[in-house]
2 protein chains.
Amino acid sequence: MTEAEIAKERERLADLALEIAARRGEETTRAALVSETRLTRARIETIFPDEEDLFDATVERWFDPEIAMMEDVLASDLPVNRKFYEFIARRFVRRREEYARDPGLYRMLCELGAARYERVRSFVDLADHYLCEIIAQAQADGHFAGLEIEDARSLISQMVSCYTMPDMVPLLEDRLTEDKLGSIVDTLFAGLSAQNGGARGTRDLRAA
Amino acid sequence: MTEAEIAKERERLADLALEIAARRGEETTRAALVSETRLTRARIETIFPDEEDLFDATVERWFDPEIAMMEDVLASDLPVNRKFYEFIARRFVRRREEYARDPGLYRMLCELGAARYERVRSFVDLADHYLCEIIAQAQADGHFAGLEIEDARSLISQMVSCYTMPDMVPLLEDRLTEDKLGSIVDTLFAGLSAQNGGARGTRDLRAA
């Protein structure tokens, strides 16, 4: 097999592994792939030398569409607040669709991702990196005044976490909407800065 | 036993049930309470007629200090943005301390609460009710202009969820800080309103 053939077969088998996982309700092993295909164990092991390689291939298949979405948004000519909204919303809508299509599989993938977060980490880091690019563009337009990019990223990540953490889709379901996400992004652009508004304060409370 | 004696014994046994759960790493049953005390099964069943009554008693013991915290804040003479911050921060700090004291027990309590959310629901509803009181006060001061209280509550709950959802403490650990919570509350007071800032937009993206 050429490298291109191996890469293509790897994608096909990763998709098949997801289908099998959906049907069996558990993570697909290389042994399960052998029993569900006409391929030999040797052939499967050429494509996935370690068990983790199969897991990594399915993680890539899961995240590839999200990477494309983020890159499309970054490459667009939208105003920066629109970019910011689309950057979060497109991935949220896609996950909501995936959850609706097969809730059991979606929950299982969330659990697998949490249990082996180190295999997912590079995708989360890439999303953070792209988010920082949007924050830098917003700051060039005068938003998020006075904040270090990393501080802005951390605060923003926490405020939009309901729309970016995969587990929130099954947990909050209909309480998550594009309208609310739009309002949250508007709030960030209208209100987030390094200015101390005094919420944390210094004086302790006493009875009125 | 008088009603007051039963109520006091109920609290004592609920505290003991939490201690036993921490030691054994599993939910405490009435049978476990019998085997760990000198009390008879009949006596335990007088105090906890159903298994769920023991669970409910431990849930109350968990939430009672949080209810006191919320009521102290509501009864204070702080400015409304300070009230808002303290309303979230005091419970967050208490949970962070509980988690630090016994991470395994904390995680187990999160799991039990999620699995039997209907027994916890009334406490969540009470916290939402108090939050609406603070929002109404804030709106009287001109904040969150034009929003229905329920819409404001939903948006705010989502934006501060990292500091109110118990599971976030073990998940995010040091990434959650009082400083960041203060900045988030400042952002809400500076930026949240019914005004459409255009993040959601109408025009779709096209390449730049």
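How each quantity is defined
Residues numbered from 1 in each chain as written. Chains lettered and ligands numbered in written order. Predicted model: local features only at pLDDT ≥ 70, side-chain atom pairs only at ≥ 80, totals over all residues. Helix = DSSP H or I, 4+ residues; strand = E, 2+ residues; numbered from the N terminus. Rg over C-alpha atoms; globule rule 2.2 N^0.38 Å. Buried ≥ 20, exposed ≤ 12 C-beta atoms within 10 Å, placed from the backbone. Contact = placed C-beta atoms within 7 Å. Nonpolar A, V, L, I, M, F, W, Y, C, P; charged D, E, K, R; others polar. Least-squares fit on C-alpha atoms with pLDDT ≥ 70 in both. Expected span 1.5 Å × (residues − 1). Arc of directions from axis to C-beta. Axes fitted to C-alpha atoms, helices over the stretch in contact; angles between N-to-C directions. Parallel < 35°, antiparallel > 145°, perpendicular 65-115°, else oblique. Left-handed = near helix turned anticlockwise from the far one by under 90°. Bend = angle between axes of the 7 residues up to and from the residue. Domains from an automatic or database assignment.

*Asks:* How would you sum up the overall build of chain A? Please name residues and give values.
*Replies:* Of regular secondary structure, chain A possesses eleven helices and zero strands. Reading chain A from its N terminus to its C terminus gives the helix and strand order α-α-α-α-α-α-α-α-α-α-α. A compact globule built from 208 residues should have a C-alpha radius of gyration of about 17 Å, whereas chain A, at 21 Å, is more than 25% larger. Projecting the C-alpha coordinates of chain A onto the three principal axes gives extents of approximately 75 × 45 × 30 Å. The buried share among the 208 residues of chain A stands at 28%. Taking all contacts inside chain A whose residues are at least 6 apart in sequence as the whole, residues at least 24 apart take part in 64%.

*Asks:* Please give an account of the interface of chain B and chain A that cites residues and values.
*Replies:* Each partner contributes to the interface: chain B provides 41 residues, whereas chain A provides 41 residues. With twelve residues, the single largest contributor to the side of chain B that touches chain A is helix α11 (residues 178-191) of chain B. Within the side of chain B that touches chain A, the residues separate by chemical class into 18 nonpolar, 13 polar and ten charged.

*Asks:* Explain unusual backbone geometry to me, using residue names and the numbers behind them.
*Replies:* Note: most residues except glycine have negative phi, and most peptide bonds are trans. If you check the backbone angles, Phe144(A) has positive phi at about 55° while not being a glycine. As for its position among the elements, Phe144(A) is in the loop between α7 (121-140) and α8 (149-159).

*Asks:* Could you give an account of the relation of the copies chain B and chain A, with specific residues and numbers?
*Replies:* When chain B is fitted to chain A, the residual RMSD is 0.0 Å, and the transformation amounts to a turn of 180° plus an axial shift of 0.0 Å. Each copy turns onto its partner about a two-fold axis. Both copies present the same face, since 100% of the interface residues in chain B are matched by interface residues at the equivalent positions in chain A.

*Asks:* Describe in detail the environment of Lys83(A), supporting the description with residues and values.
*Replies:* Residues and elements named next belong to chain A. Mapped onto the secondary structure, lysine 83 falls in helix α5 (residues 80-101). Separated by 30 residues in the primary sequence, lysine 83 and aspartate 53 place their C-alpha atoms 34 Å from one another. Dropping the residues within four chain positions of it, lysine 83 is found in contact with Val73, Ser76, Leu78 and Ile134.

*Asks:* Give me the lowdown on helix α1 (residues 3-24) of chain A, citing residues and values where you can.
*Replies:* Residue and element names in this part refer to chain A. Taking 1.5 Å of rise per residue, 22 residues should cover 32 Å, and α1 covers 31 Å from first to last C-alpha, within 8% of that figure. Among all positions in α1, only Leu13, Ala14, Ala17 and Ala21 are buried. Projected down its long axis, α1 carries its buried residues within an arc of 115°, all on one side. Exposed residues lying more than 90 degrees from the buried face of α1 are Ala4, Glu5, Lys8, Glu19 and Arg23.

*Asks:* Break down the packing of helix α7 (residues 121-140) of chain B against helix α8 (residues 149-159) of chain B for me, with residues and values.
*Replies:* All names here are of chain B. Where α7 meets α8, the closest approach of the two axes is 10 Å, and the angle between their N-to-C directions is 115°. Put simply, α7 runs roughly perpendicular to α8. Crossing of α7 over α8 shows right-handed handedness. Within the contact between the two elements, α7 uses Asp128, Leu131, Cys132, Ile135 and Ala136 and α8 uses Ile149, Ala152 and Arg153. Grouping the amino acids of the contact of α7 with α8 by side-chain chemistry returns six nonpolar, no polar and two charged.

*Asks:* Could you give an account of helix α4 (residues 51-74) of chain A, with specific residues and numbers?
*Replies:* All names here are of chain A. For α4, which comprises 24 residues, the first-to-last C-alpha distance of 35 Å matches the rise-based estimate of 34 Å (1.5 Å per residue) to within 8%. Along its length, α4 reaches its greatest deviation from straightness, about 35°, at phenylalanine 63, and the proline proline 65 lies no more than four positions downstream. Buried residues in α4 make contact with α1, α2 (30-36), α5 and α7.

*Asks:* Any chance you could break down the domain arrangement of chain A for me, citing the residues and the numbers?
*Replies:* All names here are of chain A. When cut into domains, chain A gives domain 1 (1-49) and domain 2 (55-191). Relative placement of domain 1 and domain 2: their C-alpha centres are 29 Å apart. If you look at the interface, domain 1 gives eleven residues, while domain 2 gives eight residues. The class makeup of the residues in the side of domain 1 that touches domain 2 is six nonpolar, one polar and four charged.

*Asks:* Break down the environment of Phe55(B) for me, with residues and values.
*Replies:* Within the secondary structure, Phe55(B) is located in helix α4 (residues 51-74). When the C-alpha atoms of Phe55(B) and Met70(B) are compared, they prove to be 23 Å apart, with 15 residues separating the residues in sequence.

*Asks:* Quick rundown of the packing of α1(A) against α4(A)? Include the residues and the values.
*Replies:* All names here are of chain A. For the pair α1 and α4, interaxial distance at closest approach is 9 Å and the crossing angle is 90°. Judged on the interaxial angle alone, α4 and α1 are roughly perpendicular. Contacts from Arg10, Glu11, Ala14, Asp15, Ala17 and Leu18 in α1 reach Leu54, Ala57, Thr58 and Arg61 in α4. Residue composition of the contact of α1 with α4, by class: five nonpolar, one polar and four charged.

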